[in-house]
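# Tertiary structure, described
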Amino acid sequence: MVVSKESPASALFEEGVVIAHVGQGIAVEHDDKIILCQPLRKLETVAVGDKVLWTLSAPGQGRIESILPRRSLLARPARNNKIRPVAANIDAVFVVIAVEPYCDFLLIDQYLAVCENSQINVALILNKLDLPVPEALENELRIYQELSYQIHKVSAKTGSGLPELKLALQKQTSVLTGQSGVGKSSITNVIVPDKNVRTNSISETTKHGRHTTTAATLYHIDNGGDLIDSPGVAIFGLADLNRQQLAQGYREFQPFIDNCQFNDCSHHQDKGCAVRAAAEDGKIAMTRYQRFLKLTQKMGG
Ligand SMILES: Nc1nc2c(ncn2[C@@H]2O[C@H](COP(=O)(O)OP(=O)(O)OP(=O)(O)O)[C@@H](O)[C@H]2O)c(=O)[nH]1
Ligand SMILES: [Mg+2]
Ligand SMILES: [Zn+2]
């Protein structure tokens, strides 16, 4: 509890954690209770995981007065070239992929590159192991394993692999991210059994998941960890990465980048590019290199 000198009318500042956006309001958790809060108008956008100071503005209603310093932040692009914070104080991102729907590796590489640049730990979760795993998927995943990305193989349906995953989630704040329908909420349901996370079946015809989770939500695990289940849209993107940072975000490029002939090498058709040479020599996986090129094009050349 902090006593404010400036606003005697609302002298009691309490600390809380933002656990979700609810309509126009923000759910803040304090002492096992959840208070619906409005942020002060001048405040920058509040993110799930933010630690905030709030005051009671009406019975059962609060006002967020300030956001405490963040130790990390995931953001996504918003209108007017702006960046919108989506999750704060994150220690680890777990990118969930599944046997189905078909894995979008461009999205995976994007998540990995962002985490490499934000000093946030990142690992993969392969879900739906109760279904047969196509060889092409196994082969692509092997590349990530060789790059020392940890892959947790689980089935939310049978529960296999989940006790091990729960251990990896302990004593830290983690985010589950990934395409719609891969099973983020289903995994959350098993790991946080007292939370009734809505799940929906994938539409049989399109194999596209419906966006069952509409807002990132923070849950507590009984082993001291916090888990944020996020919606199946890109909750963070290349928002504030430039081209150099994207290249650094491909961790296997790092030993080659300094050997490129030009400092501003785009690692594309440039003369003397060591990264491209490494991809052609098989020292860098061609699929990863090609996705890098695709992402740089997406960034505008
Ligand atoms: N066979 C199988 N199906 C699963 C498994 N885990 C989840 N599903 C199914 O996959 C579908 C999508 O699961 P969700 O947990 O809603 O997926 P999500 O990633 O949270 O999706 P969004 O909230 O839309 O991002 C549901 O029909 C689940 O029953 C699994 O381990 N095996
Ligand atoms: Mg979900
Ligand atoms: Zn180069």
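These numbers were taken from a predicted model, which means no experiment stands behind them.

The secondary structure content of the chain amounts to eight helices and 14 strands. Put simply, of all contacts in the chain between residues at least 6 apart along the chain, 62% involve residues at least 24 apart. A total accessible area of about 15,700 Å² is found for the chain, and carbon and sulfur atoms account for 49% of it.

This part takes up the UniProt feature "binding site: Zn(2+)" (unreviewed entry) in the chain. Under the UniProt annotation, "binding site: Zn(2+)" (unreviewed entry) lies at Cys 260, Cys 265, His 267 and Cys 273. Relative to the helices and strands, His 267 resides in the loop between helix H6 (254–257) and helix H7 (274–280). For His 267, a relative accessible area of 6% puts it in the buried group. Residue contacts for His 267: discarding those within four places in its chain leaves Ala 247, Ile 257, Cys 260, Cys 273, Val 275, Tyr 289, Phe 292 and Leu 293. Its location among the elements puts Cys 273 in the loop between H6 and H7.

Checked against the element boundaries, Asp 229 lands in strand S14 (residues 226–229). As a buried residue without a salt bridge, Asp 229 has its nearest oppositely charged side chain in Lys 184, at a separation of 5.8 Å. Among the polar contacts listed, one links the side chain of Asp 229 to the side chain of Ser 185, at a separation of 2.6 Å.

Right, let's talk about the coordination of the zinc ion (ligand 3) for a bit. Summarising the metal site, the zinc ion (ligand 3) is bound by the protein donors Cys 260 (SG), Cys 265 (SG), His 267 (ND1) and Cys 273 (SG), whose distances to it range over 2.2 to 2.4 Å. In this structure, the zinc ion (ligand 3) is surrounded by four donor atoms whose angles at the metal cover 101 to 115°, and the resulting shape is tetrahedral. Donor residues binding the zinc ion (ligand 3) come from one chain and are separated in sequence as C-x4-C-x1-H-x5-C. Given the relative accessible area of 5%, Cys 265 is considered buried.

Moving on to the packing of helix H1 (residues 105–118) against helix H8 (residues 286–298). Close contact between H1 and H8 brings their axes to 10 Å; oriented N to C, the two are set at 80°. The angle between H1 and H8 falls in the class roughly perpendicular. Contacts from Phe 105, Leu 106, Asp 109, Gln 110 and Leu 112 of H1 reach H8 at Arg 288, Arg 291, Lys 294, Leu 295 and Lys 298. For the contact of H1 with H8, the residue count by class is four nonpolar, one polar and five charged.

Before going further, it helps to examine the pairing of strand S9 (residues 92–98). With seven of its seven residues buried, S9 lies for the most part within the structure. On S9, burial covers both faces: Ala 92, Phe 94, Val 96 and Ala 98 on one face and Val 93, Val 95 and Ile 97 on the other are all buried. Both S9 and strand S10 (residues 121–127) contribute to a ladder of seven bridges, which runs parallel. Within the sheet, the bridge partner assigned to Val 95 lies in S10 and is Leu 124. A crossover connection joins S9 to the parallel S10 through H1; in handedness this β-α-β unit is right-handed. Of the strand pairs in this sheet, S9 and strand S12 (residues 173–177) are connected by four bridges, and their pairing is parallel. Within S12, the position partnered with Phe 94 by the bridge is Leu 176.

Among the nonpolar cores identified, the biggest contains 55 residues, and Ile 108, Leu 141, Tyr 144, Phe 253 and Val 275 are the most heavily contacted of them. The biggest single contributor to this core is H1, with nine residues. Among all residues touching Leu 141, those that are not within four sequence positions of it are Ile 97, Phe 105, Leu 124, Leu 126 and Ile 151. If you look at the next biggest cluster of nonpolar residues, it comprises 19 residues, including Ala 156, Leu 176, Ile 221 and Leu 227.

Moving on: helix H2 (residues 135–146). With twelve residues, H2 should reach 16 Å at 1.5 Å per residue; the first-to-last C-alpha distance of 17 Å fits that figure. Turning to H2, its buried residues are Leu 137, Glu 140, Leu 141, Ile 143 and Tyr 144. Viewed along the axis of H2, the buried residues span an arc of 140°, placing them on a single side of the element. In H2, those exposed residues whose orientation departs by more than 90 degrees from the buried face are Glu 135 and Glu 146. The secondary structure elements touched by the buried residues of H2 are S9, H1, S10, strand S11 (151–153) and H8.

Parameters and conventions
- Sequence order as written defines residue numbering, which begins from 1 separately in each chain.
- Lettering for chains starts from A, numbering for ligands starts from 1, and both go in the order in which the items are written.
- Given that this is a predicted model, residues contribute local features only at a pLDDT of at least 70 and side-chain atom pairs are listed and counted only at 80 or more, while totals for whole chains, interfaces and linings are drawn from all residues.
- In computing side-chain properties, one takes all heavy atoms of the structure into account and sets aside hydrogens as well as water.
- Strands here mean DSSP runs of E at least two residues long; helices mean DSSP runs of H or I at least four residues long; both are numbered from the N terminus.
- Only heavy atoms matter for contacts: two residues are in contact if any of them lie within 4.5 Å across the pair.
- Shrake-Rupley sampling with a 1.4 Å probe provides the accessible areas, and residues are treated as covered by the protein chains on show and by no other component.
- UniProt positions are given in the numbering used here, feature names are shortened, and annotations may be inferred rather than shown by experiment.
- For every residue, the accessible area (1.4 Å probe, protein chains only) is compared with the maximum for its type, and the residue is labelled buried under 20%, exposed over 50%, or partly exposed between those bounds.
- Counted as positive: Lys and Arg. Counted as negative: Asp and Glu. His and the chain ends are not counted at all.
- Within this document, salt bridges are pairs made up of a side-chain nitrogen of Lys or Arg and a carboxyl oxygen of Asp or Glu, the two lying within 4 Å of each other.
- For this analysis, a polar contact is any N or O atom pair within 3.5 Å, provided that within protein one partner can donate a hydrogen and the other can accept it, and provided that sequence-adjacent residues contribute only side-chain to side-chain pairs.
- For Na, K and Ca the donor cutoff is 3.2 Å, while for all other metals N, O and S atoms count as donors only within 2.8 Å; water does not appear among the atoms, so some sites may look incomplete.
- Key to geometry: four donors with every angle between 85 and 135 degrees are tetrahedral; four donors are square planar and six octahedral where opposite donors lie over 155 degrees apart and all remaining angles lie between 65 and 115; all other sites are irregular.
- The axes are straight lines fitted to the C-alpha atoms, using for helices just the contacting stretch, and the angles between their N-to-C directions are given from 0 to 180°.
- Roughly parallel covers angles under 35 degrees, roughly antiparallel covers those over 145, roughly perpendicular covers 65 to 115, and oblique covers all other angles.
- Polarity classes work like this: nonpolar for Ala, Val, Leu, Ile, Met, Phe, Trp, Tyr, Cys and Pro, charged for Asp, Glu, Lys and Arg, and polar for all others, with Gly in that last group.
- Only strands joined by at least two bridges in the DSSP assignment are considered to pair.
- Think of it like this: strands point away, you trace from the first strand over the helix to the second, and a clockwise trace means the crossover is right-handed.
- What is meant by a nonpolar core is a set of buried Ala, Val, Leu, Ile, Met, Phe, Trp, Tyr and Cys residues, joined one to another through side-chain atoms within 4.5 Å.
- Here, expected helix span is obtained from the residue count minus one, scaled by 1.5 Å.
- In this description, the arc belongs to the directions extending from the helix axis to the C-beta atoms.

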